[in-house]
Amino acid sequence: WFIRWSVPRLHAAAGGVPGYHEFVADAVAAKVAGSRAAADALVVFESGARFEDRTHWPTVDVSHETDSVPPGPYSQMLTWNARVTTTEVLDELLAWDTEPTDTHPSLRDRLARLGESMQMPPPSVRSAGEELLGTALERLADWLDRRWVERHGDTWQRDRAEYVDQRNTLDRLAAIETPTPDELFKRAELIETLECADEALPIYQAAAEQGHPAASLAAGRVLLDRMNAEGIRFVEDAMDRDDQLVPDACQILAKYYRGTNQELAARTCEWRATRHTTRARLASNTIRG
C-alpha cells in the first residue's frame, strides 16, 4: 500500500525537477552570454531540431529513390543553416505548450523566463561546430557517415534495388496497350507504393469494373480512407466475388463505420468476419479429419 500511495506522488513531485534544471541552465547562459544570446541559441536549436525531424532524416529515408549511392547524412548536416527559416516555423515553435511529462519546458516558457521575444537570430559568420572543432568538424562528419553506411548501407542497397525493380515493372505495365485486370491491379499497387493512392485509385477502379476482386477491395479502401461512402460498394463487391477477402473487407468497413459514428454497423462487420473465420477453421479441421 505504501508503494501504491507514494510512487504516484513521487512522480508528480519529481516531474517539475528537469524543467527547473533547464530554467537554471538558461539563467546561467544568460548571465554569461546575455539573455538575447541565450534566447537566440534556444531558437536556433529548436529550429534545427525541427528541420532534422521533419526534413533531413525523412529525406535520408527515401534517398534510395533518387541516389545511386548511399548518402552522407552527417556531412549533409554541415550545409544546414538553422538561422534561415520562415515565420510559420517560428509560430509553430512558439505554439508548443509544456506538458506535465515533458523534461524540457516549452520554448515560449523559456523565452518568457529570459524576458526575451521570439525572433530569428541574425546570420552567423561561423557555426558553433566550426568555432569549437575547426577542421575536425568535417572529419567527424565523415567518420559518422562511414559508421552510418556500415550500419545501414546493406539495407539501403536492398531498398535501392527493390525500388529500381518496381520502377522498371511499373514502366513495363504502363506500356501495355490493352492490360488485363490483373495487370491493371499490379500497376495500381505499384503506383500507390511509389507515388500516392490518389493516382492509383482510378486504375484500381478500372480493374474492379472488369471484375478483379482485390482491385475492388483496394478501391474501396482508398475511398473509405477519404470518408467517401462510395467505397462501401467496392468493398461489398470484393467480398461477393472472393470469399477469402471477407476478413480484410470487414476490417476496412468497420474502421469506416466507427469513423462515421456507426457503431452498430461496425460491430456487424466484425461479427461477420468472426463467423467467416470460424467457418473456415471448422472446414479446415473437417478436411484434415
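Residues numbered from 1 in each chain as written. Predicted model: local features only at pLDDT ≥ 70, side-chain atom pairs only at ≥ 80, totals over all residues. Heavy atoms only, no water.

1. Let's talk about the overall build of the protein
Rule in force here: In DSSP terms, a helix is any run of H or I states spanning at least four residues, a strand is any run of E spanning at least two, and both are numbered starting from the N terminus. Atoms counted for the radius of gyration: C-alpha only. Globule rule: 2.2 Å times residue count to the power 0.38. Exposure classes here rest on a 1.4 Å probe applied to the protein chains alone. A residue is buried below 20% of its type maximum, exposed above 50%, and partly exposed in between. Two residues form a contact once any of their heavy atoms are found within 4.5 Å. What sets the accessible areas is the Shrake-Rupley method with a 1.4 Å probe; for residues, cover comes only from the shown protein chains.
Scanning the protein for helices and strands turns up 14 helices and zero strands. Start at the N end of the protein and walk to the C end: the helices and strands fall as α-α-α-α-α-α-α-α-α-α-α-α-α-α. For the protein, whose C-alpha radius of gyration is 28 Å, the value lies well above the compact-globule estimate of 19 Å for 289 residues. Reported as C-alpha extents along the three principal axes, the dimensions of the protein are approximately 80 × 60 × 40 Å. In the protein, buried positions account for 28% of the 289 residues. Taking the intrachain contacts of the protein between residues at least 6 apart in sequence as the baseline, contacts between residues at least 24 apart amount to 57%. Just so you have it, the protein exposes about 18500 Å², and 55% of that area is on carbon and sulfur atoms.

2. Some details on the packing of helix α2 (residues 17-33) against helix α3 (residues 35-61)
Stated formally: Axis lines are fitted through C-alpha atoms, for helices just across the contact stretch, and the angle between N-to-C directions can take any value from 0 to 180 degrees. Angles below 35 degrees are treated as roughly parallel, those above 145 as roughly antiparallel, those between 65 and 115 as roughly perpendicular, and all remaining angles as oblique. Here a crossing is called left-handed whenever its near helix is offset anticlockwise from the far helix by less than a right angle, and right-handed whenever the offset is clockwise.
At a minimum axis distance of 6 Å, the contact between α2 and α3 shows a crossing angle of 125°. The angle between α2 and α3 places the two elements in the oblique class. Every pair of crossing elements has a handedness; the one defined by α2 and α3 is right-handed. For the pair formed by α2 and α3, the contact residues are D26, A29, A30 and A33 on the first element and S35, A37, A38 and L42 on the second.

3. Considerations on helix α12 (residues 231-241)
Each α-helix turn comprises 3.6 residues. Residues three or four places apart therefore point the same way. Our working definition: By arc we mean the arc of the directions from the helix axis to the C-beta atoms, nothing more.
Within the span of α12, buried status applies to G231, F234, V235, A238 and M239. An end-on view of α12 places all buried positions within 135° of arc, on one side of the element.

4. Quick notes on the layout of surface pockets
Defined as follows: Using protein atoms alone on a 1 Å grid, points that fit a 1.4 Å probe yet trap it form a cavity, whereas open point sets bounded by protein on both sides within 12 Å along at least five of seven lines form a pocket; residues with an atom within 4 Å of a point count as lining. Grid points are joined across faces, edges and corners, and a volume is the space filled by probe spheres set on the points. Each residue is assigned to one class: nonpolar for Ala, Val, Leu, Ile, Met, Phe, Trp, Tyr, Cys and Pro, charged for Asp, Glu, Lys and Arg, and polar for all the others, Gly among them.
By volume, the largest pocket amounts to about 910 Å³. Forming the boundary of the largest pocket are 26 residues, of which M77, W80, S127, A128 and G129 lie nearest the centre. Counting residues per element, the ones that place at least two in the lining of the largest pocket are α3, α4 (73-77), α7 (128-133) and α8 (136-174). Taken together, the residues of the lining of the largest pocket break down into 15 nonpolar, six polar and five charged. In this structure, the second largest pocket occupies an estimated 210 Å³ of space. For the second largest pocket, the full set of lining residues is A37, D40, A41, L42, V44, F45, E46, R83, H104 and R110. Counting residues per element, the lining of the second largest pocket draws most heavily on α3, which supplies seven residues. A breakdown of the residues in the lining of the second largest pocket according to their chemical character gives five nonpolar, one polar and four charged.

5. Looking at the environment of L133
Checked against the element boundaries, L133 lands in helix α7. L133 gets classed as partly exposed once you look at its relative accessible area, which sits at 42%. Spatially, the C-alpha atom of L133 lies 41 Å from that of A12, the residues being 121 residues apart in sequence.

6. Some points on the packing of aromatic side chains
We count it as follows: Note on aromatic contacts: the rings of Phe and Tyr and the six-membered ring of Trp form a pair at centre separations within 6.5 Å, being stacked when their planes are under 30 degrees apart, edge-to-face when over 60 apart, and tilted otherwise. Charges are assigned to positions over rings by a cutoff of 6 Å between ring centre and Lys NZ or Arg CZ, combined with an angular limit of 35 degrees from the ring normal.
Taken as a whole, this structure holds six aromatic pairs when the rule is applied. Here W1 and F2 contribute two aromatic rings whose centre-to-centre distance is 6.0 Å and whose plane-to-plane angle is 90°, an arrangement assigned as edge-to-face. Residue classification places W1 among the exposed residues on the basis of a relative accessible area of 71%. Arranged with centres 5.1 Å apart and planes meeting at 80°, the rings of F51 and W80 form a pair that is edge-to-face. Residue F51 is found in helix α3, and its partner W80 is found in the loop between α4 and α5 (87-95); the two are separated by 29 residues along the sequence. Residue class for W80 comes out partly exposed when judged on its relative accessible area of 27%. For R113, the ring lying beneath its charged end belongs to F23, and the centroid distance is 4.0 Å. Directly above the ring of F234 sits R233, whose terminal nitrogen or CZ lies 4.2 Å from the centroid.

7. Brief notes about the pattern of salt bridges
Worth spelling out the cut-off: Salt bridge, as used here, is a side-chain nitrogen of Lys or Arg placed within 4 Å of a carboxyl oxygen of Asp or Glu.
Within this structure, the stated rule accounts for 22 salt bridges. Where E230 meets R233, a salt bridge forms, and the shortest distance between an N and an O atom there is 3.6 Å. The residue R258 makes a salt bridge to E263 at a minimum N-O spacing of 3.0 Å. Within this structure, R258, E263, R267 and E270 form a network of salt bridges that share partners.

8. Examining the environment of G153
For G153, the position within the fold is in helix α8. The buried category is assigned to G153, whose relative accessible area is 5%. With 100 residues separating them along the chain, G153 and L253 place their C-alpha atoms 40 Å apart.

9. Re the packing of helix α10 (residues 197-209) against helix α11 (residues 213-225)
Helix packing geometry: the angle between the two helix axes and the distance between the axes. Where α10 meets α11, the axes come as close as 8 Å, and the angle between the chain directions of the two elements is 140°. Classed by the angle they form, the pair α10 and α11 counts as oblique. For the element pair α10 and α11, the recorded crossing hand is left-handed. Here A197, L201, Y204, Q205, A207 and A208 of α10 come into contact with α11, specifically with A215, S216, A218, A219, R221, V222 and L223. Taken together, the residues of the contact of α10 with α11 break down into 10 nonpolar, two polar and one charged.

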